[in-house]
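# Topology and contacts: notes
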Amino acid sequence: MIVGVPKETFPGERRVALTPAVLGQLAKKGVEVLLESGAGVEAGYPDAVFTDKGAKVGTRRDVFERAEVVLQVRAYGSNLETGDGDLAVVRRGQAVIGFCNPLAEPAAMKRFAETGASLLSMELMPRITRAQSMDALSSMATIGGYKAVLMAADHLPKMFPMMMTAAGTIKPARVFVVGAGVAGLQAIASAKRNGAVVEAYDVRPAVKEQVQSLGGKFVELELDTAGAEDAGGYAKEQSEAFLAKQREMMARVVAENDVVITTAAIPGRRAPVLVTAEMVRGMNPGSVIVDLAAETGGNCELTRAGEVVVENGVTILGPVNIPSEIPYHASQMYGKNITTFLLHLIDKEGNFKLDPEDEITAGTLVTRDGKVVHPRVVQQLEES
């Protein structure tokens with residue numbers, strides 16, 4: 001069985017879908033890896049480290065023509081800018097696994113389905129114990145939370161830790177993290193390690209203990225949060241009335257902090273606006289906002305994706321594709337997730353098998369046999 005790894009073509013994408021560390025696991029299952037030449041170079045993995053571990057190297061055409069399964073970081077849907085070329089080369093009976101933004105780009109999923117190939121989405125991995133080691137969204141969110149703190153520290157005209165100096169005591173920076181999912185928790189931990197005083201808020205009161213275990217103070221707002229969490233553990237979309245009241249109560253907390261890191265996202269939906277322009281104007285000059293939801297519209301009203309905005313002396317960062325800025329470890333983590341998923345899909349005889357009765361397969365399978373088969377994506381198509 002041949003698994004192909006093409007070079008990522010999305011502008012600025014430096015990750016690679018597999019790293020040499022996982023090739024041994026695949027070889028034990030009889031899997032041969034065919035890598036497009038140069039696919040791992042920008043992540044810090046030259047062709048030679050792959051071939052030393054048994055991989056073969058070829059052209060992009062070789063990868064798509066010979067591979068039964070193609071592994072990508074950004075499959076079609078999450079790479080609309082340059083991904084059309086892949087639609088021309090994937091074929092019926094082939095499977096592609098990667099991030100594909102299925103809930104936000106249902107029309108792209110329909111176009112992919114027309115190729116006859118199967119597409120499996122890493123974003124739709126069920127949040128169940130069996131699939132925890134396959135959860136690439138959480139892996140990439142970990143990187144995002146860590147990097148957000150570094151970006152904030154780089155732009156803040158203050159140091160994070162309290163210091164005793166010849167000039168007296170320097171007070172620690174104050175950091176407020178909005179959203180205590182994987183990215184938020186990592187941001188809390190990273191800010192705390194750097195010496196900041198950290199507060200955090202999440203619409204899900206159940207995460208209070210997690211925030212406190214990392215040394216952060218949980219900000220409690222008097223809001224009705226019943227039903228704030230879905231069955232998968234994600235925050236649910238809230239009404240505009242709820243968000244308005246939430247913003248009103250958060251304004252004071254935002255104004256008191258030097259750094260605000262926002263991480264609130266709803267799968268397949270536009271990010272909720274939690275920090276308004278008025279709230280930004282209430283912050284002290286020199287303060288920094290890092291908006292990790294910039295790619296889906298932003299949690300801050302003034303965020304512009306991929307840009308740095310300065311408003312009333314407050315710097316607002318709208319980073320996109322943060323994991324690509326740390327491609328070595330991002331690829332290592334993603335490669336482990338996707339390898340575990342691939343091995344789950346290989347039966348005892350070494351054959352790639354899509355079992356619709358399996359919860360993990362059913363949860364991630366977007367297209368098969370010329371059709372969009374994932375219920376949530378089908379619903380998105382019907383509503384669009």
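In the block above lies the structure referred to throughout.
Here's what I pulled together on the structure shown here. Owing to the predicted nature of the structure, the values given are computational and were not obtained by experimental measurement.

Cut-offs used in this document
Residues numbered from 1 in each chain as written. Predicted model: local features only at pLDDT ≥ 70, side-chain atom pairs only at ≥ 80, totals over all residues. Heavy atoms only, no water. Phe/Tyr/Trp six-rings, centres within 6.5 Å; stacked < 30°, edge-to-face > 60°. Buried < 20%, exposed > 50% of the residue type's maximum accessible area, 1.4 Å probe, protein only. Helix = DSSP H or I, 4+ residues; strand = E, 2+ residues; numbered from the N terminus. Core = buried A, V, L, I, M, F, W, Y, C linked by side-chain atoms within 4.5 Å. Contact = heavy atoms within 4.5 Å. Salt bridge = Lys/Arg side-chain N within 4 Å of Asp/Glu carboxyl O. Axes fitted to C-alpha atoms, helices over the stretch in contact; angles between N-to-C directions. Parallel < 35°, antiparallel > 145°, perpendicular 65-115°, else oblique. Left-handed = near helix turned anticlockwise from the far one by under 90°. Pairing = 2+ DSSP bridges. Polar contact = N/O pair within 3.5 Å; in protein donor to acceptor, adjacent residues only side chain to side chain.

Following the criterion strictly, the structure yields three aromatic pairs and no others. Here Tyr45 and Phe50 contribute two aromatic rings whose centre-to-centre distance is 6.5 Å and whose plane-to-plane angle is 65°, an arrangement assigned as edge-to-face. A residue is classified by how much of its surface remains accessible, and Phe50, at 0% relative accessible area, is buried. Their ring planes at 10° and their centres at 4.6 Å tell us that Tyr45 and Tyr328 sit as a pair that is stacked. Separated by 283 residues along the polypeptide, Tyr45 in the loop between strand S2 (32–36) and helix H2 (47–51) and Tyr328 in helix H11 (residues 327–344) bring together distant segments of the chain. A relative accessible area of 39% places Tyr328 in the partly exposed class.

A few words now on the environment of Ala251. Following the sequence through the fold, Ala251 ends up in helix H9 (residues 240–256). The spatial distance from the C-alpha of Ala251 to the C-alpha of Met283 is 9.1 Å, given a sequence separation of 32 residues.

Moving on to the nonpolar core. By size, the foremost hydrophobic cluster in this structure holds 68 residues, and its most contacted members are Ile97 and Phe160. At seven residues, the largest contribution of residues to this core is made by helix H6 (residues 136–155). Apart from the residues within four sequence positions on either side, Phe160 is in contact with Val149, Ala152, Ala153, Pro172, Ala173, Val175, Ala191, Asn194, Gly195, Ala196 and Val259.

With that out of the way, let us pick up the pattern of salt bridges. According to the stated counting rule, one finds 16 salt bridges in the structure shown. One salt bridge in this structure joins Glu199 and Arg174, with 3.4 Å as the shortest N-O distance. Residue Glu199 is found in strand S10 (residues 197–201), and its partner Arg174 is found in strand S9 (residues 174–178); the two are separated by 25 residues along the sequence. Taking the relative accessible area as the measure of exposure, Glu199 reaches 8% and is therefore buried. Note on Arg174: relative accessible area 29%, which makes it partly exposed. Sharing partners across several salt bridges, the network here consists of Glu13, Arg15 and Arg74.

For any two helices packed against each other, the geometry is given by the interaxial angle and the distance between the axes. Close contact between helix H5 (residues 106–113) and helix H13 (residues 375–383) brings their axes to 9 Å; oriented N to C, the two are set at 110°. Regarding the angle of H5 to H13, the classification is roughly perpendicular. Considering only the axes of H5 and H13, their crossing is left-handed. Along the contact surface, H5 presents Pro106, Ala107, Met109 and Lys110, while H13 presents Val377, Gln380 and Leu381.

Let us look at the pairing of S2. The element S2 is extensively covered by neighbouring structure, given that four of its five residues are classed as buried. Strand direction decides the pairing type here: strand S1 (residues 2–5) and S2, joined by four bridges, are parallel. Within the sheet, the bridge partner assigned to Ile2 lies in S2 and is Glu32.

One can find Asn79 in the loop between strand S4 (69–74) and helix H4 (84–87). Residue classification places Asn79 among the buried residues on the basis of a relative accessible area of 2%. A distance of 2.9 Å separates a polar atom in the side chain of Asn79 from a polar atom in the side chain of Thr82. Beyond its immediate stretch of four places on either side in the chain, Asn79 contacts Thr9, Phe10 and Arg74.

Through backbone hydrogen bonds, the strands of a sheet pair up, either in parallel or in antiparallel fashion. Taken in spatial order, the seven strands of this open sheet run S11-S10-S9-S12-S13-S15-S14, and their pairing is mixed. Two strands in the sheet have a free side with no partner beyond their single neighbour: strand S11 (217–218) and strand S14 (308–311). Relative to S11, S10 runs parallel, the two sharing two bridges. The partner of Ala200 across the bridge, within S11, is Phe218. This element, H6, spans strand S12 (259–262), strand S13 (288–291) and strand S15 (314–317) of the sheet and lies at about 155° to S13.

Pairing is mixed across the open sheet formed by eight strands, whose spatial order is S3-S2-S1-S4-S5-S6-S16-S17. Each edge of the sheet is formed by a strand with only one pairing partner; in this case those strands are strand S3 (56–58) and strand S17 (371–372). In this sheet, strand S16 (residues 365–368) lies alongside strand S6 (residues 118–121) in antiparallel orientation, the contact comprising two bridges. Residue Leu119 lies in a different strand from S16, and its bridge partner there is Thr367. Each of S1, S4, strand S5 (95–99) and S6 touches H11; the most contacted strand, S4, lies at about 150° to it.

Next up on the list: the pairing of S4. Summarising burial for S4: six of the six residues are buried, a large majority. As defined by bridge partners, S1 adjoins S4 across two bridges and the pair is classed as parallel. Residue pairing across strands places Val3 opposite Val69, the latter belonging to S4. Judged from the four bridges that link them, S4 and S5 form a sheet pairing that is parallel. Along S5, the bridge assignment pairs Val69 with Ala95.

Positionally, Ser121 belongs in strand S6. Residue classification places Ser121 among the buried residues on the basis of a relative accessible area of 0%. Along the sequence, Ser121 and Gly77 sit 44 residues apart, while their C-alpha atoms lie 9.9 Å from each other. Once residues lying within four places of it in the same chain are set aside, the contact partners of Ser121 are Gly98, Cys100, Pro102, Thr364 and Val366.

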